[in-house]
Amino acid sequence: MKRIAALLRRRLAGAVPVLFIVIAFAFLLLESAPGDAVDAYLVSVGGGDATLAASLRAQYGLDQSTLSRLWLYLAALTHFDLGWSVAFDRPVLSLIGERLPTTLVLMGSATLLSFGLGSFLGIVAASHPGSLRDRLLSMASLTLYAIPGFWLALLLLIVFAVDLRWLPFSGFETVASHKTGLARLADIARHLVLPVVTLSLIYLALYLRVMRAAMGEVWRQDFILFARARGLSARRILWRHVARNALLPLVTVLGLQSAAMLGGSIIIESVFAIPGFGRLAQEAVAGRDAPLLVGLILVSALFVLSINLVVDLLYAWLDPRVGSVEAR
Amino acid sequence: MGMMARLLRTRSGLIGACLLLVMALAALAAPVLFPGDPLAIAGPAFLPPLADTAFPLGTDSLGRDVLAGLFHGARASLAVGLAAALAALLVGLVVGTVAGFAGGWVDEVLMRITDAFQVIPRFLLALAFVSVLGGSMTTVVIAIALSSWTEPARLVRAEVLSIRERDYAAAARVIGMHPAEIAFREILPIALPPVLALSAIIVAAAIMIESALSFLGFGDPNIVTWGSMMAEGRNVLRSAPFLSVVPGIALLVTVLAVYLVSEGVNTALNNNQAVPRG
């Protein structure tokens with residue numbers, strides 16, 4: 001436990017400067033966007049004269065130097081104030097808080113599916129390296145890797161929503177259906193099938209390839225030779241010894257994929273018109289809403305940092321060798 | 001034996017290189033085979049593929065030639081992909097070499113900046129840059145480059161760290177070579193091959209990001225790209241699905257070709273390393 005606590009302290013200390021750099025970058029983005037919050041406010045109330053604009057700027061400290069404005073920005077962030085969305089005319093934080101759960105459901109299900117199926121297929125491929133099955137899976141995973149996500153989404157839409165009419169065309173749930181409880185859940189699940197399948201198919205390939213490579217490494221280790229010498233069955237060695245140990249590197253991929261998947265959700269949510277985090281990003285850029293875009297960047301950085309932290313701790317918990325030197 | 005010859009001896013390298021060659025030829029031949037603006041109306045709207053010999057792949061909702069769009073789109077995709085990847089590699093090389101060679105606080109600062117760029121989803125970062133810089137071909141290239149330099153930077157740094165303690169680097173120090181000269185003339189060339197294997201992946205990612213940006217409508221509106229063709233096809237997905245399917249196949253083949261080349265490079269490098277190096 002001491003080992004993991006030391007690791008946690010070290011990782012947290014490492015994450016703080018990174019977060020500050022992201023905040024500084026976010027501030028620079030805000031600064032370089034045309035117009036400021038006062039301009040946006042004046043537009044929303046139907047205009048105002050120059051003296052009103054100047055007094056508002058003075059009131060909110062917008063007429064001060066860049067450095068003191070950065071300080072004001074940091075002070076606002078400590079109160080979880082991410083600013084005001086121009087396009088939606090609402091606080092950025094509440095907007096993101098409203099959209100994020102949808103995306104988390106989407107990403108969570110897609111991660112489960114791609115991790116499970118990808119690692120399973122990786123085991124299948126690595127159980128007979130060089131066989132026809134292995135080569136077919138390699139080819140298939142490379143192709144999946146190269147498929148543009150939005151194109152796959154459109155293909156699945158054409159087949160399952162337009163031609164077969166099995167699944168809904170877009171949205172998160174049926175609009176104004178007044179469903180409650182289980183019926184509503186089932187409705188949402190039906191809407192999420194295609195987006196989840198699309199997202200997981202795109203990211204499945206990486207799990208497959210990493211799993212296959214990791215299996216190849218483990219096969220060469222001495223304890224596998226020992227397991228063979230003990231006369232264990234090939235199947236038992238494959239699943240209990242090789243696959244279990246090869247799963248470790250996959251945990252790292254899980255963390256790396258979180259950022260990629262959050263980025264991927266932008267385009268997938270746009271195709272399927274799902275009101276989530278990703279679609280919000282697209283709307284922020286389309287609506288020239290700099291405060292919202294910057295808020296999204298900050299939240300996603302925080303999200304990715306925390307996922308990576310969790311993955312690091314998980315890894316240390318699974319592998320006793322990690323961090324054991326530092327704790328001593 | 002040259003790198004190119006070794007690459008072409010691997011099956012995936014050969015297939016990938018051939019496919020890329022076809023794409024490059026299509027891109028180069030576009031203005032000759034399809035002179036005039038591919039965004040101009042050429043015939044009746046919604047002509048299905050194979051119905052009219054003048055338009056083998058049909059026409060879109062405004063009566064623009066799909067095949068002409070595909071050829072001109074190859075230009076945009078390859079140009080943006082290569083330019084962005086080149087810029088990203090250059091930034092990554094410089095950052096990685098400086099960080100790995102300087103060490104100390106310079107390394108610390110550069111690596112924390114790299115971390116910061118990596119915790120922001122790459123596509124979101126590219127979107128943010130495009131929204132600040134505006135949508136033109138150049139800004140799209142810059143946006144993609146600024147969101148893709150971190151991986152090469154990390155790789156180069158790791159390579160430099162492992163190489164700089166070797167004997168020939170020490171020898172160069174002893175004869176009094178300037179640190180910058182050692183870094184860029186002695187160490188960088190040795191560190192380069194694994195980075196080249198990664199560069200193919202970066203080209204593929206750049207092509208993907210470009211098409212995704214223009215699919216969302218944030219690309220250059222005056223240039224036809226596969227992404228923008230698919231975005232327009234999406235609006236008529238029910239009546240004319242081929243309009244979004246066909247450009248996607250071109251995109252898939254291109255990205256797949258780049259990945260195959262990258263696999264070939266990796267295989268060639270590994271074969272090379274199987275022979276122990278001096």
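Residues numbered from 1 in each chain as written. Chains lettered and ligands numbered in written order. Predicted model: local features only at pLDDT ≥ 70, side-chain atom pairs only at ≥ 80, totals over all residues. Heavy atoms only, no water.

Time to look at the domain arrangement of chain A. Many descriptions give the size of an interface as the accessible area lost when the pieces come together. Domain annotation for chain A reports domain 1 (2-87) and domain 2 (99-286). On a C-alpha basis, the centres of domain 1 of chain A and domain 2 of chain A stand 36 Å from each other. (Domains from an automatic or database assignment.)

Next up on the list: the environment of Glu151(B). Residues and elements named next belong to chain B. Its place among the elements puts Glu 151 in helix α7 (residues 150-163). With 77 residues separating them along the chain, Glu 151 and Ser 228 place their C-alpha atoms 28 Å apart. Among residues more than four places away in sequence, those in contact with Glu 151 are Gln 118, Arg 122 and Leu 198. (Helix = DSSP H or I, 4+ residues; strand = E, 2+ residues; numbered from the N terminus. Contact = heavy atoms within 4.5 Å.)

Attention now moves to the interface of chain A and chain B. Contacts between chain A and chain B engage 42 residues on the former and 38 residues on the latter. Summing the contributions of chain A and of chain B, the shared interface buries around 3,800 Å²; its carbon and sulfur component is 83%. The three residues of chain A that bury the most area against chain B are Phe150(A), Trp151(A) and Leu154(A), which together make up 15% of that side's buried surface. The interface formed by chain A and chain B contains one salt bridge. Glu263(B) is the salt-bridge partner of Arg209(A), the closest N and O atoms lying 2.6 Å from each other. Where chain A meets chain B, there are four residue pairs in polar contact (both at pLDDT 80 or more). Take the side of chain A that touches chain B: its biggest share by element is eight residues, from helix α1 (residues 2-32) of chain A. Tallied by class, the residues present in the side of chain A that touches chain B amount to 33 nonpolar, seven polar and two charged. (Buried area = accessible area lost by both parts, 1.4 Å probe. Salt bridge = Lys/Arg side-chain N within 4 Å of Asp/Glu carboxyl O. Polar contact = N/O pair within 3.5 Å; in protein donor to acceptor, adjacent residues only side chain to side chain. Nonpolar A, V, L, I, M, F, W, Y, C, P; charged D, E, K, R; others polar.)

Here we take up the nonpolar core. In this structure, Ile96(A), Phe123(B) and Phe215(B) are the most contacted members of the largest nonpolar core, which totals 151 residues. Among the elements that take part in this core, helix α9 (residues 179-215) of chain B stands out by supplying 18 residues, more than any other. Per-domain counts for this core show at least three residues from each of domain 1 (2-87) and domain 2 (99-286) of chain A. Excluding anything up to four places from it in sequence, Phe215(B) contacts Phe150(A), Leu154(A), Ile267(A), Val271(A), Gly227(B), Ser228(B), Met230(B), Ala231(B) and Arg234(B). (Core = buried A, V, L, I, M, F, W, Y, C linked by side-chain atoms within 4.5 Å. Buried < 20%, exposed > 50% of the residue type's maximum accessible area, 1.4 Å probe, protein only.)

Before going further, it helps to examine the packing of aromatic side chains. Inspection of the entire model under this criterion finds nine aromatic pairs over all chains. Aromatic pair Phe27(A) and Tyr73(A): ring centres 5.7 Å apart, planes at 40°, arrangement tilted. Of this pair, Phe27(A) sits in helix α1 while Tyr73(A) sits in helix α4 (residues 66-78), placing them 46 residues apart in sequence. The exposure classification of Phe27(A) matches that of Tyr73(A), with both residues buried. Between the aromatic rings of Phe150(A) and Phe215(B), the centroid separation amounts to 4.4 Å while the plane-to-plane angle is 25°, which identifies the pairing as stacked. Of this pair, Phe150(A) sits in helix α7 (residues 149-163) while Phe215(B) sits in helix α9, on two different chains. In this structure, Phe150(A) and Phe215(B) share a single accessibility class: buried. Following the ring pairs from residue to residue traces out a cluster consisting of Phe25(A), Phe117(B), Phe129(B) and Trp149(B). (Phe/Tyr/Trp six-rings, centres within 6.5 Å; stacked < 30°, edge-to-face > 60°.)

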